[in-house]
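# Architecture and fold: a report
Chain by chain, the residues run as shown.
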Amino acid sequence: QQPVQSPQAVILREGEDAVINCSSSKALYSVHWYRQKHGEAPIFLMILLKGGEQKGHDKISASFNEKKQQSSLYLTASQLSYSGTYFCGTDSGGSNYKLTFGKGTLLTVNP
Amino acid sequence: GAGVSQSPSNKVTEKGKDVELRCDPISGHTALYWYRQRLGQGLEFLIYFQGNSAPDKSGLPSDRFSAERTGESVSTLTIQRTQQEDSAVYLCASSLVGLAGEKQYFGPGTRLTVT
(Lines give C-alpha, C1' and ligand atoms only; values in the text may rest on other atoms or scores of the structure.)
Protein backbone atom coordinates (compact mmCIF):
# COMPACT_ATOMS: atom_id res chain seq x y z
CA GLN A 1 0.00 0.00 0.00
CA GLN A 2 1.20 3.45 -0.94
CA PRO A 3 2.47 5.62 1.91
CA VAL A 4 0.66 8.90 2.39
CA GLN A 5 2.64 12.10 2.23
CA SER A 6 1.60 15.44 3.65
CA PRO A 7 1.35 18.19 2.78
CA GLN A 8 0.87 17.76 -0.96
CA ALA A 9 2.53 21.10 -1.59
CA VAL A 10 4.24 23.83 0.38
CA ILE A 11 5.56 27.25 -0.54
CA LEU A 12 8.33 28.83 1.50
CA ARG A 13 10.40 31.94 1.50
CA GLU A 14 14.13 31.41 1.57
CA GLY A 15 15.26 30.81 5.13
CA GLU A 16 11.97 29.31 6.36
CA ASP A 17 11.56 25.79 7.70
CA ALA A 18 9.36 22.94 6.48
CA VAL A 19 8.31 19.47 7.62
CA ILE A 20 7.18 16.75 5.23
CA ASN A 21 5.47 13.68 6.64
CA CYS A 22 5.21 10.13 5.33
CA SER A 23 2.81 7.65 6.92
CA SER A 24 2.19 3.99 6.19
CA SER A 25 -0.51 1.55 7.23
CA LYS A 26 2.05 -1.29 7.10
CA ALA A 27 4.94 -2.16 9.40
CA LEU A 28 8.05 -0.60 7.98
CA TYR A 29 11.66 -1.70 7.83
CA SER A 30 13.06 1.34 6.12
CA VAL A 31 12.09 4.72 4.76
CA HIS A 32 13.93 6.32 1.85
CA TRP A 33 13.75 10.00 1.02
CA TYR A 34 14.41 11.38 -2.45
CA ARG A 35 14.18 14.81 -4.03
CA GLN A 36 13.31 15.20 -7.69
CA LYS A 37 13.58 18.35 -9.75
CA HIS A 38 11.42 18.72 -12.82
CA GLY A 39 12.65 16.54 -15.66
CA GLU A 40 15.46 15.04 -13.61
CA ALA A 41 16.13 11.75 -11.84
CA PRO A 42 15.27 11.42 -8.16
CA ILE A 43 18.26 12.26 -5.99
CA PHE A 44 18.86 10.22 -2.87
CA LEU A 45 18.69 12.13 0.43
CA MET A 46 18.77 9.50 3.15
CA ILE A 47 17.60 6.10 4.37
CA LEU A 48 16.27 5.46 7.84
CA LEU A 49 16.02 1.96 9.24
CA LYS A 50 13.59 0.79 11.89
CA GLY A 51 14.70 1.55 15.40
CA GLY A 52 13.45 5.10 15.64
CA GLU A 53 16.60 6.63 14.31
CA GLN A 54 17.15 10.14 13.21
CA LYS A 55 19.54 11.25 10.52
CA GLY A 56 20.65 14.49 9.07
CA HIS A 57 23.20 16.35 7.07
CA ASP A 58 23.51 20.06 6.57
CA LYS A 59 20.07 21.47 7.19
CA ILE A 60 18.06 18.45 6.08
CA SER A 61 17.26 15.79 8.64
CA ALA A 62 14.67 13.08 9.15
CA SER A 63 13.18 10.92 11.84
CA PHE A 64 11.55 7.49 11.72
CA ASN A 65 8.98 6.42 14.27
CA GLU A 66 8.62 2.69 13.86
CA LYS A 67 5.66 2.37 16.22
CA LYS A 68 3.69 5.03 14.40
CA GLN A 69 4.91 3.78 11.02
CA GLN A 70 5.80 7.24 9.94
CA SER A 71 8.75 9.37 9.00
CA SER A 72 9.24 13.11 8.87
CA LEU A 73 11.71 15.10 6.78
CA TYR A 74 12.85 18.39 8.26
CA LEU A 75 14.18 21.20 6.09
CA THR A 76 15.60 24.10 8.03
CA ALA A 77 16.67 27.52 6.79
CA SER A 78 15.51 26.53 3.32
CA GLN A 79 17.52 27.48 0.26
CA LEU A 80 16.34 28.04 -3.30
CA SER A 81 18.04 24.76 -4.26
CA TYR A 82 15.68 22.85 -1.98
CA SER A 83 12.83 23.36 -4.43
CA GLY A 84 11.55 20.16 -5.95
CA THR A 85 9.26 17.23 -5.27
CA TYR A 86 10.12 15.13 -2.24
CA PHE A 87 9.21 11.45 -2.26
CA CYS A 88 9.31 8.91 0.50
CA GLY A 89 9.71 5.27 -0.39
CA THR A 90 9.06 2.48 2.09
CA ASP A 91 9.71 -1.23 2.36
CA SER A 92 8.71 -3.84 4.90
CA GLY A 93 12.05 -5.59 5.08
CA GLY A 94 12.94 -9.25 4.77
CA SER A 95 12.54 -10.37 1.22
CA ASN A 96 10.34 -7.35 0.54
CA TYR A 97 12.94 -5.13 -1.07
CA LYS A 98 10.47 -3.30 -3.28
CA LEU A 99 10.05 0.35 -2.50
CA THR A 100 6.55 1.75 -2.50
CA PHE A 101 6.58 5.48 -3.04
CA GLY A 102 4.22 8.19 -1.90
CA LYS A 103 2.75 10.68 -4.37
CA GLY A 104 5.26 13.32 -3.41
CA THR A 105 5.31 16.76 -1.81
CA LEU A 106 6.02 19.72 -4.06
CA LEU A 107 8.24 22.20 -2.25
CA THR A 108 8.75 25.66 -3.72
CA VAL A 109 11.25 28.02 -2.15
CA ASN A 110 10.96 31.62 -3.27
CA PRO A 111 13.51 34.42 -2.79
CA GLY B 1 32.09 7.07 -11.62
CA ALA B 2 29.33 6.66 -14.15
CA GLY B 3 25.80 6.57 -12.88
CA VAL B 4 22.75 4.79 -14.21
CA SER B 5 22.07 5.68 -17.82
CA GLN B 6 18.90 5.27 -19.84
CA SER B 7 18.06 5.62 -23.49
CA PRO B 8 16.34 7.14 -25.26
CA SER B 9 15.70 10.17 -23.09
CA ASN B 10 12.47 10.85 -24.97
CA LYS B 11 10.31 8.60 -27.12
CA VAL B 12 7.18 9.54 -29.02
CA THR B 13 5.31 6.64 -30.55
CA GLU B 14 1.97 5.98 -32.14
CA LYS B 15 -0.65 3.96 -30.36
CA GLY B 16 -0.28 0.28 -31.16
CA LYS B 17 3.46 0.36 -31.83
CA ASP B 18 6.04 -1.49 -29.74
CA VAL B 19 8.80 0.37 -27.86
CA GLU B 20 12.03 -0.69 -26.20
CA LEU B 21 13.59 1.25 -23.36
CA ARG B 22 17.16 0.60 -22.27
CA CYS B 23 18.88 0.86 -18.91
CA ASP B 24 22.59 0.59 -18.12
CA PRO B 25 23.06 0.14 -14.36
CA ILE B 26 26.09 1.13 -12.34
CA SER B 27 28.87 -1.36 -12.92
CA GLY B 28 28.95 -3.97 -10.17
CA HIS B 29 25.35 -3.47 -9.10
CA THR B 30 23.57 -6.79 -9.10
CA ALA B 31 20.06 -5.42 -8.51
CA LEU B 32 18.08 -3.46 -11.09
CA TYR B 33 14.60 -1.97 -10.80
CA TRP B 34 12.16 -0.43 -13.26
CA TYR B 35 9.59 2.14 -12.11
CA ARG B 36 6.89 4.09 -13.90
CA GLN B 37 6.06 7.66 -13.01
CA ARG B 38 2.87 9.14 -14.39
CA LEU B 39 2.46 12.89 -14.47
CA GLY B 40 2.12 14.25 -10.96
CA GLN B 41 2.32 10.83 -9.39
CA GLY B 42 4.81 8.87 -7.32
CA LEU B 43 7.01 6.09 -8.61
CA GLU B 44 5.25 2.82 -9.36
CA PHE B 45 7.31 -0.37 -9.10
CA LEU B 46 7.29 -2.51 -12.27
CA ILE B 47 9.97 -5.23 -12.12
CA TYR B 48 13.10 -6.22 -10.21
CA PHE B 49 16.16 -8.20 -11.27
CA GLN B 50 18.74 -9.55 -8.82
CA GLY B 51 21.72 -11.51 -10.10
CA ASN B 52 20.69 -14.78 -11.69
CA SER B 53 17.45 -15.08 -9.72
CA ALA B 54 14.10 -15.13 -11.48
CA PRO B 55 12.87 -11.54 -11.83
CA ASP B 56 10.05 -10.22 -9.70
CA LYS B 57 7.46 -9.21 -12.29
CA SER B 58 4.70 -8.53 -9.82
CA GLY B 59 4.45 -4.84 -10.70
CA LEU B 60 4.00 -5.20 -14.45
CA PRO B 61 0.56 -3.74 -15.25
CA SER B 62 -0.29 -6.06 -18.15
CA ASP B 63 1.15 -8.76 -20.37
CA ARG B 64 2.06 -6.07 -22.89
CA PHE B 65 4.96 -5.21 -20.60
CA SER B 66 8.08 -7.36 -20.40
CA ALA B 67 11.69 -6.88 -19.43
CA GLU B 68 14.95 -8.67 -19.83
CA ARG B 69 18.36 -8.32 -18.31
CA THR B 70 21.60 -9.67 -19.69
CA GLY B 71 23.59 -11.04 -16.77
CA GLU B 72 24.23 -8.19 -14.39
CA SER B 73 24.33 -5.52 -17.04
CA VAL B 74 21.94 -3.93 -19.47
CA SER B 75 18.19 -4.25 -19.12
CA THR B 76 15.49 -3.64 -21.72
CA LEU B 77 11.87 -2.84 -20.92
CA THR B 78 9.54 -3.62 -23.82
CA ILE B 79 6.00 -2.35 -24.17
CA GLN B 80 3.98 -3.98 -26.91
CA ARG B 81 0.97 -2.46 -28.61
CA THR B 82 1.38 0.79 -26.71
CA GLN B 83 -1.68 2.56 -25.35
CA GLN B 84 -2.11 6.20 -24.42
CA GLU B 85 -2.22 5.28 -20.73
CA ASP B 86 1.36 3.99 -21.11
CA SER B 87 2.54 7.60 -21.44
CA ALA B 88 4.81 8.24 -18.49
CA VAL B 89 8.43 8.57 -17.44
CA TYR B 90 10.08 5.18 -17.04
CA LEU B 91 12.84 5.21 -14.46
CA CYS B 92 15.49 2.61 -13.92
CA ALA B 93 17.44 2.23 -10.69
CA SER B 94 20.22 -0.05 -9.52
CA SER B 95 21.61 -1.05 -6.15
CA LEU B 96 24.56 -3.06 -5.00
CA VAL B 97 22.90 -6.30 -3.92
CA GLY B 98 19.17 -5.56 -3.71
CA LEU B 99 18.54 -5.88 0.00
CA ALA B 100 15.77 -4.13 1.86
CA GLY B 101 16.94 -0.78 3.13
CA GLU B 102 19.57 -0.42 0.43
CA LYS B 103 20.12 2.82 -1.45
CA GLN B 104 18.84 2.83 -5.00
CA TYR B 105 20.52 4.98 -7.64
CA PHE B 106 18.19 6.31 -10.32
CA GLY B 107 18.79 7.05 -13.96
CA PRO B 108 17.41 10.15 -15.69
CA GLY B 109 14.45 8.29 -17.09
CA THR B 110 12.82 7.87 -20.50
CA ARG B 111 9.82 10.05 -21.19
CA LEU B 112 7.38 8.01 -23.28
CA THR B 113 4.55 9.75 -25.12
CA VAL B 114 1.99 7.63 -26.92
CA THR B 115 -0.06 9.60 -29.45
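The structure contained in this document is the topic of the report that follows. (Residues numbered from 1 in each chain as written. Chains lettered and ligands numbered in written order. Predicted model: local features only at pLDDT ≥ 70, side-chain atom pairs only at ≥ 80, totals over all residues. Heavy atoms only, no water.)

Right, let's talk about the overall build of chain A for a bit. A count of helices and strands for chain A gives 0 helices and 11 strands. The order of helices and strands in chain A, counted from the N terminus, is β-β-β-β-β-β-β-β-β-β-β. Here the C-alpha radius of gyration of chain A, 13 Å, is about what a compact globule of 111 residues would show, namely 13 Å. In terms of overall dimensions, chain A has C-alpha extents of about 45 × 25 × 20 Å along its principal axes. Looking at the 111 residues of chain A, the share that counts as buried comes to 46%. Long-range contacts, defined as pairs at least 24 residues apart, comprise 54% of the intrachain contacts of chain A with a sequence gap of at least 6. As displayed, chain A offers around 5500 Å² of accessible surface, 49% of which is attributable to carbon and sulfur atoms. Mean positive and mean negative side-chain charge positions of chain A (11 and 8 charges, respectively) differ by 8 Å. (Helix = DSSP H or I, 4+ residues; strand = E, 2+ residues; numbered from the N terminus. Rg over C-alpha atoms; globule rule 2.2 N^0.38 Å. Buried < 20%, exposed > 50% of the residue type's maximum accessible area, 1.4 Å probe, protein only. Contact = heavy atoms within 4.5 Å. Areas by Shrake-Rupley, 256 points an atom, 1.4 Å probe, with all protein chains shown as cover. Lys, Arg positive; Asp, Glu negative; His and termini not counted. Charge placed at Lys NZ, Arg CZ, Asp CG, Glu CD.)

Let's shift gears to a nonpolar patch on the surface. Among the surface-exposed residues, B:Leu96, B:Val97 and B:Leu99 lie close enough to one another that they form a single nonpolar patch of about 280 Å² accessible area. Tracing the sequence through the fold places B:Leu99 in the loop between strand S8 (88-95) and strand S9 (105-106). (Patch = residues over 30% accessible without salt bridge, like charges linked within 9 Å, V, L, I, M, F, W, Y side chains within 5 Å. Salt bridge = Lys/Arg side-chain N within 4 Å of Asp/Glu carboxyl O.)

This part is about the sheet that holds strand S6 (residues 65-69) of chain B. All names here are of chain B. With antiparallel pairing, 4 strands are arranged side by side in an open sheet as S1-S3-S7-S6. What marks the edges here is a single partner per strand, and that holds for strand S1 (5-7) and S6. The mean inter-strand angle of the sheet, taken between neighbouring strand axes irrespective of direction, is 15°. Here 5 bridges tie strand S3 (residues 19-24) to strand S7 (residues 75-79), and the two strands are oriented antiparallel to one another. Directly across from Glu 20, in S7, lies its bridge partner Thr 78. (Pairing = 2+ DSSP bridges. Axes fitted to C-alpha atoms, helices over the stretch in contact; angles between N-to-C directions.)

Let us now look at unusual backbone geometry. For residues that are not glycine, phi is negative in most cases, and the peptide bond is trans in most cases. The omega angle of the peptide bond from A:Ser6 to A:Pro7 is -5°, so this bond is cis rather than trans. Cis peptide bonds are those with omega within 30 degrees of zero, and the linkage from B:Ser7 to B:Pro8 qualifies with -10°. Here B:Pro8 lies in the loop between S1 and strand S2 (10-13). Look at A:Gln69: it is not a glycine, yet its phi comes out positive at around 55°.

Turning our attention to the interface of chain A and chain B. Counting residues at the interface gives 21 residues for chain A and 22 residues for chain B. The interface formed by chain A and chain B holds 0 salt bridges in total. The interface formed by chain A and chain B holds 2 residue pairs in polar contact (both at pLDDT 80 or more) in total. At the level of secondary structure, the elements contributing two or more residues to the side of chain A that touches chain B comprise strand S4 (30-36), strand S5 (43-49) and strand S9 (84-91) of chain A. The element contributing the most residues to the side of chain A that touches chain B is S4(A), with 4 residues. A breakdown of the residues in the side of chain A that touches chain B according to their chemical character gives 11 nonpolar, 7 polar and 3 charged. (Polar contact = N/O pair within 3.5 Å; in protein donor to acceptor, adjacent residues only side chain to side chain. Nonpolar A, V, L, I, M, F, W, Y, C, P; charged D, E, K, R; others polar.)

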